[in-house]
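# Close look at the chain arrangement
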Amino acid sequence: MNRRINRNQGFTLVEVLLVLGILVSLAAVSITVFSGTEKKSKIKIAKLQINEFVNAIDRYQRDMGKVPEELTALYEKPSDEEEAEDWAGPYIKLKDGKMPKDPWKLDFVYEAEADSDEEGAPQYKISSNGPNKTAGDEDDISNVETEN
């Protein structure tokens, strides 16, 4: 009997391990690249959301002659009849009946000041604590320019 040995029947263990190593390396590089992209996109989304709040607050201020003391004034009609006549809200769209949250699922922080700046514009700040979710550090995102 003449038996022929066919060595091309499949992959060797070394070949399979080599391919797996290459795939794992590509996955590691992809995860690193895309995780940075996700962080950047969440920061952009937070900035867009803050701009929506700024626009809503500006519209409220034009109608009411003042900035709201709290963000709830953007969607709740005032109980005072005189103020209710000027109110043209809601000024912001609620999501499932709740105030929108930042991309890290935290509430936006709103601070209103009674005083105006040099040009007479009311002062307020709307901000997100940013990716590390901690207030008062360099990754906070707000409508107010900060010096770095």
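Residues numbered from 1 in each chain as written. Predicted model: local features only at pLDDT ≥ 70, side-chain atom pairs only at ≥ 80, totals over all residues. Heavy atoms only, no water.

## Examining the overall build of the protein chain
Definition in use: The helix count covers DSSP runs of H or I at least four residues long, the strand count covers runs of E at least two residues long, and both are numbered beginning at the N terminus. We call two residues in contact when some of their heavy atoms are within 4.5 Å. Areas reported as accessible are Shrake-Rupley estimates using a 1.4 Å probe. Residue values count occlusion only from the protein chains shown.
Secondary structure assignment for the protein chain yields 2 helices and 3 strands. Restricting the contact set of the protein chain to residue pairs at least 6 apart, pairs at least 24 apart contribute 44%. Per element, the accessible surface of the protein chain, about 11,700 Å² overall, is 51% carbon and sulfur.

## Comments concerning the side chain of S127
Keep this limit in mind: We call a residue buried when its accessible area falls under 20% of the maximum for its residue type, exposed when it is over 50%, and partly exposed in between, using a 1.4 Å probe and counting protein chains only.
Relative to the assigned elements, S127 resides in strand 2 (residues 122–128). Judged by its relative accessible area of 7%, S127 falls in the buried class. Residues contacting S127, with those up to four places away along its chain left out, are I50, F108, V109, I141 and S142.

## Re the packing of aromatic side chains
Filter applied, for reference: For Phe, Tyr and Trp, where Trp contributes only its six-membered ring, two rings pair if their centres lie within 6.5 Å, and the inter-plane angle classes them as stacked under 30 degrees, edge-to-face over 60, or tilted in between.
The full count for this structure, using the stated rule, is 4 aromatic pairs. Ring centres of Y60 and Y91 lie 5.5 Å apart, and the angle between their planes is 75°; this geometry places the pair in the edge-to-face category. Of this pair, Y60 sits in helix 1 (residues 13–64) while Y91 sits in the loop between helix 2 (81–86) and strand 1 (109–116), and the two are 31 residues apart along the sequence. Accessibility classification places Y60 together with Y91 in one group, the buried group.

## Description of a nonpolar patch on the surface
We apply this condition: Like-charged residues within 9 Å of one another, or nonpolar side chains (Val, Leu, Ile, Met, Phe, Trp, Tyr) within 5 Å, are grouped into patches, provided each residue has over 30% relative accessible area and no salt bridge. A pair is scored as a salt bridge if a Lys or Arg side-chain nitrogen falls within 4 Å of a carboxyl oxygen belonging to Asp or Glu.
The grouping of F11, L13, V16, L17, L18, V19, L20, I22, L23 and L26 at the surface amounts to a nonpolar patch, some 1,000 Å² of accessible area in total. Position of L17 among the secondary structure elements: in helix 1.

## Observations concerning the confidence of the model for the protein chain
The condition is simple: pLDDT is defined as a per-residue confidence score from the predictor, taking values between 0 and 100.
Averaged over every residue, the pLDDT of the protein chain is 84; residues scoring 70 or more account for 86%. Taking the mean pLDDT of every element in the protein chain, the minimum, 77, falls on strand 1 and the maximum, 89, on strand 3 (residues 141–142).

## Comments concerning helix 1
Rule in force here: To estimate how far a helix should extend, the number of its residues minus one is multiplied by 1.5 Å.
An ideal rise of 1.5 Å per residue puts 76 Å on 52 residues; helix 1 measures up with 75 Å between its terminal C-alpha atoms. A46, Q49, I50, F53, V54, A56, I57, Y60 and M64 are the residues of helix 1 that are buried. Immediately beyond the C-terminal end of helix 1, within one or two residues, lies G65, with a positive phi of roughly 80°.

## Notes on a negative patch on the surface
So the rule is basically this: Positive: Lys, Arg. Negative: Asp, Glu. His and the chain ends are not part of the count. We put the charge of a Lys on NZ, of an Arg on CZ, of an Asp on CG and of a Glu on CD.
Taken together, the side chains of D63, D80, E81, E82, E85 and D86 define an acidic patch exposed on the protein surface. The dominant element in the negative patch, judged by the number of residues it contributes, is helix 2, at 4 residues. Its location among the elements puts E82 in helix 2.

## Focus on the pattern of salt bridges
Pairing of side chains with opposite charge becomes possible as their charged atoms draw close. By the definition in use, this model includes 3 salt bridges. Taking the shortest distance from any N to any O, the salt bridge between E38 and K42 comes out at 3.8 Å. One end of the pair, E38, and the other, K42, are both in helix 1, 4 residues apart, so they sit about a helical turn from each other. Judged by relative accessible area, K42 falls into the partly exposed class, the value being 25%.

## Observations concerning the environment of S142
Our working definition: Think of a polar contact as two N or O atoms within 3.5 Å of one another; within protein, one of them needs to be a possible hydrogen donor and the other a possible acceptor, and neighboring residues in sequence only count if both atoms come from side chains.
Topologically, S142 is positioned in strand 3. Given a relative accessible area of 24%, S142 falls into the partly exposed group. The spacing of S142 and F108 is 34 residues in sequence and 9.4 Å in space, taken between C-alpha atoms. Non-local contacts of S142, meaning those with residues more than four positions away in its chain, are made with I50, K125, I126 and S127. At a separation of 3.1 Å, a polar atom in the side chain of S142 contacts the main-chain amide nitrogen of V144.

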